[in-house]
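# Architecture and fold: a report
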Amino acid sequence: MTARMDAKFAALKEQNRPAFVTFVMAGDPDFDTAQAVINGLPAAGADVIEVGMPFSDPMADGPAIQLAGQRALEAGQDMKKTLQIVRNFRENDDTTPIVLMGYYNPIYIYGVDTFIADALVAGVDGLIIVDLPPEEDEEFCLPAIKAGLNFIRLATPTTDDARLPAVLANTSGFVYYVSMTGVTGSALSNPTDVAEQVNRIKGHTDLPVCVGFGIKTAADAERIGKDADGVVVGSALVSAIGDSLKDGKATKGTVSAVHDLVADIAKGVRAARA
Amino acid sequence: MSGANSLRMGPDERGRFGDFGGRFVAETLMPLILDLDKAYKDAKADPSFKEEFDYLLKHYVGRPSPLYFAERMTEHLGGAKIYFKRDELNHTGSHKINNCIGQILLAKRMGKPRIIAETGAGQHGVATATVCARFGFPCTIYMGAKDVERQAPNVFRMKLLGAEIIPVTAGQGTLKDSMNEALRDWVTNVESTYYLIGTAAGPHPYPEMVRDFQSIIGKETKEQMMEAEGRLPDMLIAAVGGGSNAIGLFHPFLDDRDTKIVGVEAGGKGIDTDEHCASLTAGKPGVLHGNRTYLLQNYDGQIDEGASISAGLDYPGIGPEHSFLKDSGRVEYVPITDDEALEAFQLLTKLEGIIPALEPSHALAEVVKRAPKMDKDQIIVMNLCGRGDKDVFTAARHLGVDLQGE
C-alpha cells in the first residue's frame, strides 16, 4: 500500500521534520525477539521501518548486517516468517510504513507473483532490493509497482546526473541516498557533501530523499536531518542487538537496547530543524 | 556459421543468454559495469588491443598450447582416440592466465591500476598476481581463510609476486565469500579499482569477456585438429567449476553440431549427498553475484556451500552461458565424484607422465567412461586446463600418504 508511505511523509512535512527510518533484520537473533523489537520501534521514535530479509550472500553489506543475517538464518528465519513478522506488526499498527529490504534471490525463489500478493496481504508498503538496478526493472520492480507496492531505489555517489533519471524513473515512496561508496556500516561522509547530493537529487524528483549509510548517533542524525527528508539508521541498531547477546542468544536487555538507542537517535532527528 | 540458429550469438544487449546472465548488481556498481561494457566494446573494435593480447599470449604465456595425442591412454582405454589440449603448459600452469592477460590490458586501457580478484585454490590469484607484476599494478587478492591455510604454496607465490592477500572470514570463508568480499571492496573503491573476475560468471559483460579471452583454447584446437586429423573431433570434454576453461574450448564449436560436447561438474562425495558442487545437475536457477544461473540453494533461496576435492571447482554457481547451453540441450553436463577424479589423476600420471590438476582430472574421469564405448576412428578432445603441482599435497592426503609429517 503506497498510501501509508505517502501519508507518513506528508504528515512529517507538515511538522517540518525529517523521517526517522530504522532498519533491523527479520528474525535477528530469533523470531520472537525480532518481533518484539519491531513492534516497539514506532513508540521509540521510528517513523518508517525497514525490515531486512536475511540472505546468505549480502554483497553490499558490512560486517554488522552480515552477522545479523547469519544469526537470523541460523535461528531458522525464512521468507514466510519474515512476512509473518509484518502481518503480526500490522495487528496493532496500521500507519507506520514497512519496507522490506534485501536481495533478489530469496524473492525469485519464493516466486515473484506469490511474493507480491503475500507482501500486500501482510501489510508491506515498499521494497528495497539491493541487486535490482533499473536495467532489470522488468524482473520485479514493474510488477511490484503495478500491484501497489513502493519500489524504493538507492541512489549513490556514482549515480551521476546522466544516470539519475533512469534510477528515478520507476522509484516511488522515497529515494534512498547512499551517502558514500561502500558497504553498510562504514564511516559517515562529510555532511556538506551529503547536503549537496540531496539537493542534486531533489533537482530531479519531488519524492522525499532519505539518507543512509554511516549514521550512528543522535548527533549524526541531527546533522544529516537538516537537509535530508529522512535519516536511515541500520548498522548501529543491528550492532546494538549483536552487543546485547550472550552466546548468540537474546538476553533481557536485547529489546530495550535497540529501543533505547532508537529513542536517543530520535531526539537528534527531531532537533535537526528545530 | 553464425546465422539465426547459431548458439554463438549470446549474450544480447542486456547481457542475457536466453533467460540467464544479466546485471543484478547494486546501484553503486552499475555505472562501473556500464563503463566496463563500453570499454570492452571499444577494445574489441581496436586492432591494437588484439595485437597486444596476441603478442603477450605468444611470447609471455607460450601459446599456442599443444594439442597432444595421448597414445598410451588411447591404447589403455581401447576406444576413441584421445587428444589433450595442453593448457597446463601455459605460464603459471593453467588456462587462467589467458583471461588475466586480456583483462589487465583492459584495466590499463581504462586507467584503473588497482587490481582486485577472488581466488579459491589460488590458481586465478597467482595468474592475477603474475600479470600485475608484469604491468606494475598493485594487486589485492581475496581468499577464504581456510584456503589460505590449505594452499600455502600458492599464497607464498602470490606474495612473492607482490600481491596483498586478504584472508576472508566473512560467511563461511569460501570462494563465494571471497567473491562477496571482492565485490565489497569494489563497491568501496570504485574510482581506482578494476575487479578482475577469474571465471565466466558475474554481471554482464564478465561472462562474455572471460569467454572471449578463453576462446583462444577452442580456436587453436580447431586449427590443430584440422592439421592433425583433417576433421573436427567427435566429442569435447572439459571440467566446469565457474566454467571458464570449458566455455573457452566449447564456444568455437557450438555450431558444429556433429561435435558432441560434455561438461563435467564436481560430484564431490556424490550428488545424492550434501557434499558436491554440481550446480547444473543438482541446483536450480537463481540470482547471485550479478547473474541468473543455476545455483546450489535451499528452499528459501539461501545459497548452499559447495564441496569438492578440487578447490577450483568449489563454487555453488556456474557461468550463465553454461546454464543456457544446458537448457538448450547443446551441452550435456555430468557429475564426477572425488574418488573417480582421483583415480583418473593417477592414471594419467602413470600412463602419460603428466600430473594433471584435480579440475581436469574430473574431465579425464569422464573420458575414461566414454572412450571405451566409442569406435577407434572417433576422436575426443579433453581440455587439460591445469597442471597438478598445486594438488600433490591434497592427492597425497586422500591417498593416505603423509608428505608433511603433520
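Right above here is the structure, for reference.
The shown structure was predicted, so the numbers you read here are calculated from the model rather than taken from an experiment.

## Section: the interface of chain B and chain A
With 39 residues of chain B in contact, the opposing surface of chain A contributes 38 residues. Each partner contributes to the roughly 3000 Å² buried at the junction of chain B and chain A, and carbon and sulfur atoms together form 49% of this total. One salt bridge connects B:E27 with A:R163, and the closest N-O pair in it is separated by 2.8 Å. Taken together, chain B and chain A are joined by 22 residue pairs in polar contact (both at pLDDT 80 or more). The leading source of residues in the side of chain B that touches chain A is helix α8 (residues 175-188) of chain B, at seven residues. Classifying every residue of the side of chain B that touches chain A gives 17 nonpolar, 11 polar and 11 charged.

## Digging into the sheet that holds strand β3 (residues 67-69) of chain B
Residue and element names in this part refer to chain B. An order of β3-β4-β14-β9-β10-β13 is seen for the six strands of this open sheet, with the pairing classed as mixed. Both outer strands of the open sheet, β3 and β13 (331-337), are each paired with one neighbouring strand and no more. Taken over all neighbouring pairs, the strand axes of this sheet differ in orientation by 25 degrees on average, direction set aside. Two strands pair when backbone bridges link them, and strand β9 (residues 235-239) and strand β14 (residues 379-383) are joined in this way by three bridges, in the parallel orientation. Looking at the pairing, L236 lines up with V381 of β14. On the sheet, helix α14 (residues 338-352) packs against β3, β4 (81-85), β10 (260-268) and β13 and is oriented at approximately 90 degrees with respect to β13.

## Some thoughts on the pattern of salt bridges
Tallied over the entire structure, the rule returns 48 salt bridges over all chains. Among the ionic pairs, B:R292 bridges to B:D19, the shortest N-O distance being 3.7 Å. Here the residue B:R292 occupies a position in strand β12 (residues 290-295), and B:D19 occupies one in the loop between β1 (16-17) and β2 (20-24), the gap between them amounting to 273 residues. Take B:D19: its relative accessible area is 43%, and that puts it in the partly exposed class. Salt-bridge contacts for B:R86 lead to B:E88; the nearest nitrogen and oxygen are separated by 2.5 Å. With relative accessibility at 13%, the residue B:R86 sits in the buried group. A cluster of three or more residues bridged by salt bridges with shared partners is formed by A:E136, A:E139, B:R14, B:R16, B:D19 and B:R292.

What counts and how
Residues numbered from 1 in each chain as written. Chains lettered and ligands numbered in written order. Predicted model: local features only at pLDDT ≥ 70, side-chain atom pairs only at ≥ 80, totals over all residues. Heavy atoms only, no water. Contact = heavy atoms within 4.5 Å. Buried area = accessible area lost by both parts, 1.4 Å probe. Salt bridge = Lys/Arg side-chain N within 4 Å of Asp/Glu carboxyl O. Polar contact = N/O pair within 3.5 Å; in protein donor to acceptor, adjacent residues only side chain to side chain. Helix = DSSP H or I, 4+ residues; strand = E, 2+ residues; numbered from the N terminus. Nonpolar A, V, L, I, M, F, W, Y, C, P; charged D, E, K, R; others polar. Pairing = 2+ DSSP bridges. Axes fitted to C-alpha atoms, helices over the stretch in contact; angles between N-to-C directions. Buried < 20%, exposed > 50% of the residue type's maximum accessible area, 1.4 Å probe, protein only.

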